[in-house]
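Residue-level listing of the chains:
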Amino acid sequence: MPLHLFEAFGVELEYMIVRDQTLDVMPATDQVLHAVAADPAEPYPTEVDRDHGISWSNELALHVLELKTTEPSRGFHGLADRFARNIAQINQTLRPLGARLMPSAMHPWMNPLTEMHLWPHDYSPVYETFNRIFDCRGHGWANLQSVHLNLPFADDTEFAKLHAAVRLILPILPAIAASSPMMDGRLTGLMDNRLNVYQSNAAKIPSVSGRVIPEPVYSRTDYEQVILAPMYQDLAPHDPEGTLRFEWANARGAIARFDRNAIEIRVIDVQECPAADIAICSAVAGVLQAIIGQRWSELYTQQAWSVESLRAVFLDCVRDGEAAIIRDAAYLRALGISDKECSAADLWRHLVGCTRPTADSDSDARSPINFILHHGTLARRITRAIVGHDLPRSGAIMTPDRNRVATVYRALCDCLAEGKMFLTP
């Protein structure tokens, strides 16, 4: 039977494997999965069910390992601890290889042109097709780790409500979850470089990712006609075998998975530890529930937002994170703010404060959300730890000392291993 709105959740966390001594990326996901496979004779599995209802699986890049709930979870309570226990097992598996897991959404100095290795085993034809069409030797394919939050819907009516709410909240997710201020060894002045490169990774066929913000469609029939059919048509000359003719080829910031009756949100950067990730997921679910309950605006208002209006807010939050100033008064009203402008940080404080009984229904969510709202996004905290202060202006580029960067990212690895939040020294 299909799950109804907010009856359960699916969470996926992606991490990069790095060499313990140098912190360079290490293409070893296949070795990890092979080491824990149920059948040692089985050739490199793509997914392994592990302890506490968590599965480990591969991704396109051979240095990325994904952890996910094996089955939908009925709530967020205890989920961070379940992920943390599996992370400890993975680090234990990696130790003999001289490797460990690194959090955050992008490796700070990885060179994808020379360090990208595709997953070479079962399912590789899919990745090889992506690589042939888009050339995956770029940051938008090779160097990005995210959180995927899956939210169920039972029918078209629930889909319409959920898709409208997700579209409304999508632009401000970088303002609470940005964790990628570095790329190519530089602080770029953007708080969310992962989303900045993500929006252009399929530029060769624009219909694959659209404008990241999904189009305003509110039924399965319309979704298939407006979003999926044009994408399949544009892919066909490059993919005559139809290898990518599936819903998951859609690369928007949130995609409909009608094969499992869920919307998958993809614009959340992975944090320094699962407690932070689950807290953000819980807060997002709470806000979405309030939006669907029409707490601040009616459904017809939520459904009327254009892609470009939402995208303008999204780009500001990608650039400035929680410091972004939202000047779209109509957007703020739709989320319960009467002021003409508002910082993204204050908007999130308002949203979390209004939905605290829902967002903080689990003890896991309370402290990490308060920590993020008080100390800033992980991207902001990483920047301050590296240079001692915020960059002087948006878009300012700085090439910090490599040893200092390595010290900070080693501390992030320790946060992941120990399950603690990262605080700027």
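In what follows, the structure referred to is the one given above.
Here goes a summary of the coordinates provided. (Residues numbered from 1 in each chain as written. Predicted model: local features only at pLDDT ≥ 70, side-chain atom pairs only at ≥ 80, totals over all residues. Heavy atoms only, no water.)

All told, the structure shown has 0 disulfides when counted by the stated rule. Cys 354 takes part in no disulfide bond, and the closest cysteine sulfur, belonging to Cys 342, lies 12 Å away. Under the relative-accessibility criterion, Cys 354 is labelled partly exposed at 23%. Of the cysteine sulfurs around Cys 413, a residue in no disulfide, the closest is that of Cys 415, at 9.2 Å. (Disulfide = S-S within 2.5 Å. Buried < 20%, exposed > 50% of the residue type's maximum accessible area, 1.4 Å probe, protein only.)

Residues Ala 254 and Ala 256 of strand β9 (residues 254-257) are buried on one face, and the alternating residues Ile 255 and Arg 257, pointing to the opposite face, are buried as well. Bridge count for β9 against strand β10 (residues 262-269) is 4 bridges, and the pairing is antiparallel. Looking at β10, one finds that Arg 257 is bridged to Ala 262. Here β9 folds back onto β10, and the loop between the two strands holds 4 residues, one of which, Asn 261, carries a positive phi near 50°. (Helix = DSSP H or I, 4+ residues; strand = E, 2+ residues; numbered from the N terminus. Pairing = 2+ DSSP bridges.)

To continue, consider the packing of helix α2 (residues 79-94) against helix α10 (residues 274-292). As a packed pair, α2 and α10 sit with axes 8 Å apart at the nearest point and diverge in direction by 150°. Our classification of the angle between α2 and α10 gives roughly antiparallel. The way α2 lies across α10 gives a crossing that is right-handed. In this structure, α2 contributes Leu 79, Ala 80, Phe 83, Ala 84 and Ile 87 to the contact, and α10 contributes Pro 274, Ala 275 and Ile 278. (Axes fitted to C-alpha atoms, helices over the stretch in contact; angles between N-to-C directions. Parallel < 35°, antiparallel > 145°, perpendicular 65-115°, else oblique. Left-handed = near helix turned anticlockwise from the far one by under 90°. Contact = heavy atoms within 4.5 Å.)

This part covers the packing of helix α6 (residues 156-169) against α10. Interaxial distance between α6 and α10 falls to 9 Å at its minimum, and their mutual angle equals 120°. Comparing their axes, α10 and α6 come out oblique. Our pair here, α6 against α10, has a crossing hand that is right-handed. Listed contacts from α10 to Lys 161, Leu 162, Ala 165, Val 166, Leu 168 and Ile 169 of α6 are Val 284, Val 287, Leu 288, Ile 291 and Ile 292. Of the residues that constitute the contact of α6 with α10, the class distribution is 10 nonpolar, no polar and 1 charged. (Nonpolar A, V, L, I, M, F, W, Y, C, P; charged D, E, K, R; others polar.)

Soluble globular proteins: nonpolar side chains tend toward being buried together. Counting residues in each nonpolar core, the largest one holds 126 residues, and the members touching the most others are Val 11, Ile 172, Ile 265, Tyr 331, Leu 347 and Trp 348. Here this core takes 13 residues from α10, the largest share from any one element. Apart from residues lying up to four places away in sequence, Ile 265 is in contact with Val 147, His 148, Leu 149, Leu 151, Val 166, Leu 170, Leu 173, Gly 253, Ala 254, Val 284 and Leu 288. Counting residues in hydrophobic clusters, the runner-up holds 22 residues, among them Leu 187, Ala 385, Leu 391 and Cys 415. (Core = buried A, V, L, I, M, F, W, Y, C linked by side-chain atoms within 4.5 Å.)

Glycine aside, residues mostly have negative phi angles, and peptide bonds mostly take the trans form. Even without glycine at this site, Leu 23 takes up a positive phi of about 70°. Tracing the sequence through the fold places Leu 23 in the loop between β1 (10-19) and α1 (29-35). Positive phi outside glycine occurs at Asp 135, with the angle close to 55°. Relative to the elements of secondary structure, Asp 135 occurs in the loop between α4 (124-134) and α5 (139-142). Of the residues examined, Asp 135 reaches a relative accessible area of 35% and is grouped as partly exposed.

Scanning all chains against the criterion turns up 13 aromatic pairs. The cationic tip of Arg 50 hangs over the ring face of Trp 56; the distance from NZ or CZ to the ring centre is 4.7 Å. Looking at Arg 194, its charged tip hangs above the ring of Tyr 198, at a distance of 6.0 Å from the centre. (Phe/Tyr/Trp six-rings, centres within 6.5 Å; stacked < 30°, edge-to-face > 60°. Lys NZ or Arg CZ within 6 Å of the ring centre and 35° of its normal.)

On to α4, then. For α4, the set of buried residues is Ser 124, Val 126, Tyr 127, Thr 129, Phe 130, Ile 133 and Phe 134. Where α4 is buried, its residues touch β3 (54-58), α5 and α9 (220-235).

Topologically, Leu 335 is positioned in the loop between α13 (329-334) and β12 (342-343). Leu 335 gets classed as buried once you look at its relative accessible area, which sits at 0%. The sequence separation of Leu 335 and Trp 348 amounts to 13 residues, and the corresponding C-alpha distance is 10.0 Å. Apart from residues no more than four positions distant in its own chain, Leu 335 is found in contact with Leu 168, Ile 172, Ile 291, Trp 296, Leu 347, His 350 and Leu 351.

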